[in-house]
Amino acid sequence: MSTQSSIAVFLAYIPHKLRLVAVGLLLIVFVGTDLVAQRLDLKILGRYKRIELPFSIENDFIVINILLDNVIPVRFIIDTGAENTILLEKSMADMLKVDYRRKFQVRGADVNTTLTAYLATGIDLRLADRLLARNRSMLVLEENYFDFERLTGTSIQGILGADFLMRFTVEFDFRKQLMILHEPNKWEPTGKYVNMPAEFIRNRAYLSTPLSVTGNTSTDRKLLLDSGAGLTLLMHTFGDSTDVDLPQQTIPTYIANGLGGSLEGSVGRAREIRLGGKRLENVVTYFQPLDTVGLQFLNSRQGIIGNQLLRRFNVVLNYTGKQVWFRPEGKRWRNKFQFDRSGLTILAGGANLRTYTVANIVPGSPADLAGLQVKDRVVAVNGKSVGFMTLNGIIRKLIGKKGKKIKIRYARDGDYKVVTFKLRDLI
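Residues numbered from 1 in each chain as written. Predicted model: local features only at pLDDT ≥ 70, side-chain atom pairs only at ≥ 80, totals over all residues. Heavy atoms only, no water.

A word on the nonpolar core
Phase 1 of the analysis: One finds L68, M179, L233, I273, L275 and F326 to be the most contacted residues of the largest nonpolar core, which totals 81 residues.
Phase 2 of the analysis: For this core, the leading source of residues is strand β22 (residues 278–290), giving five residues.
Phase 3 of the analysis: With sequence-adjacent residues up to four places away left out, L68 is seen in contact with V74, L87, L96, I123, D124, L125 and M138.
Phase 4 of the analysis: Counting residues in hydrophobic clusters, the runner-up holds 24 residues, among them L344, Y356, V378 and Y410. (Core = buried A, V, L, I, M, F, W, Y, C linked by side-chain atoms within 4.5 Å. Buried < 20%, exposed > 50% of the residue type's maximum accessible area, 1.4 Å probe, protein only. Helix = DSSP H or I, 4+ residues; strand = E, 2+ residues; numbered from the N terminus. Contact = heavy atoms within 4.5 Å.)

Structure below.
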């Protein structure tokens, strides 16, 4: 399967006390079409009528360039599903000699593991050379538990959370790959935008969305709008609950690797979901089993909407007005939902993130029947050395057309071998 991950899945288990950490607030005054900051908390770098922050899409994550204290260049994932901005590499905060105000014990993704995080203050963030946010607070993890570099095949050092986004009306223009920060409550929707029923809890948007997993009738589900999830749709299942019926055709899967452990479940297809006035069918859906220990941290949500759904729309979050708007993006909303046809999960590693290792194999899949095994190192795909390929490029080949032949050269215990198999539908 493709290597995708949901930050919000992991952050769901951070204790209530930690999620209520006070953060540095930006006090902003808008004069005409120009943005002027009070107390130098915010400075626009250049003369712009609005703040347009370019981002890139890395294996379905939204990634933005940031400069910490005008010294250290980093890349952060923009995450509407995370309450706090988080620095994953403590060594960077140590280099800046930041002031650690508090130390926290953080519950891991397995609910039982205890991890450590710190509250750091007084950090300046320079975003995409367009915006300077001064004197910010953020959480710093003692260890980089997420390990996003292996998941995305690119360098990731942090998460830009809702504590930063909450001061704006935030527009995600996926076609132009821009995050646009509008003056609060001044953005006006055009006729093509559809207002989505939403509830904001601690600056995170929960949509009430008609969804049918297997039945003929759609019912409203409470789903977290999570730009930090590199997947389509994730639904929670609780013990013997029949609230979410599993599709007949599902496969066991590795969902993600997160704080203190990996998350496993199954993947199949939901019959339909309705967003932005459109009906999207046959949606690739992950199912994460949870027990009652995790219930109290989920704010009664039933699942997560991730970027593979969001990027089919222009999405606007009005944090101060507590509204969410969706506008279908041309014909992109009609595109079929694709899923891996090989059975392979591959992670990146090595000095240049160009060493690719098999992390998981679906039993009975084409890759499994061909003889590939976990820990095999992929050397070439269809005759092309992986040294010239990105992780996303490899994944795209494994989502190819049904019946397409895939030839993989791999290394195992010092020996090099070649296998060939044909892609087929797994779900």
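That shown, we press on.
Comments concerning the confidence of the model for the protein
Phase 1 of the analysis: Per-residue confidence for the protein averages 84 on the pLDDT scale, and 84% of its residues sit at or above 70.
Phase 2 of the analysis: Taken together, the stretch residues 1–39 has pLDDT below 50 and engages in 148 contacts with residues farther than four places along the chain or on a different chain. (pLDDT = per-residue confidence, 0-100.)

Here's the deal with the pairing of strand β28 (residues 377–381)
Phase 1 of the analysis: Counted residue by residue, β28 has four buried out of five residues, so it is predominantly covered.
Phase 2 of the analysis: Where β28 lies against strand β29 (residues 384–385), two bridges are found, and the strand directions are antiparallel. Counterpart to V381 in the pairing with β29 is K384.
Phase 3 of the analysis: Hairpin connection of β28 to β29: two residues between the antiparallel strands, including N382 at a positive phi of 50 degrees. (Pairing = 2+ DSSP bridges.)

Regarding the sheet that holds strand β4 (residues 51–54)
Phase 1 of the analysis: Pairing in this open sheet of six strands is antiparallel, and the strands run β4-β14-β13-β24-β25-β15 from one edge to the other. Of all strands in the sheet, those with a lone pairing partner are β4 and β15 (194–196), marking the two edges. Here the strands of the sheet are splayed against their neighbours by 20 degrees on average, with no regard to which way each runs. (Axes fitted to C-alpha atoms, helices over the stretch in contact; angles between N-to-C directions.)

Considerations on the layout of surface pockets
Phase 1 of the analysis: Estimated volume of the largest pocket: approximately 520 Å³.
Phase 2 of the analysis: If you trace the largest pocket, you find 23 residues lining it, with D60, Q308, R311, Q338 and R396 closest to the centre.
Phase 3 of the analysis: Broken down by element, the residue count for the lining of the largest pocket peaks at three residues, all from helix α8 (residues 391–398).
Phase 4 of the analysis: In terms of residue class, the lining of the largest pocket is made up of seven nonpolar, eight polar and eight charged.
Phase 5 of the analysis: Reported here for the second largest pocket is a volume of approximately 350 Å³.
Phase 6 of the analysis: If you trace the second largest pocket, you find 18 residues lining it, with R269, E281, N282, K336 and F337 closest to the centre. (1 Å grid on protein atoms, 1.4 Å probe; cavity = no way out; pocket = protein on both sides within 12 Å on 5 of 7 lines; lining within 4 Å. Points joined across faces, edges and corners; volume = space filled by probe spheres on them. Nonpolar A, V, L, I, M, F, W, Y, C, P; charged D, E, K, R; others polar.)

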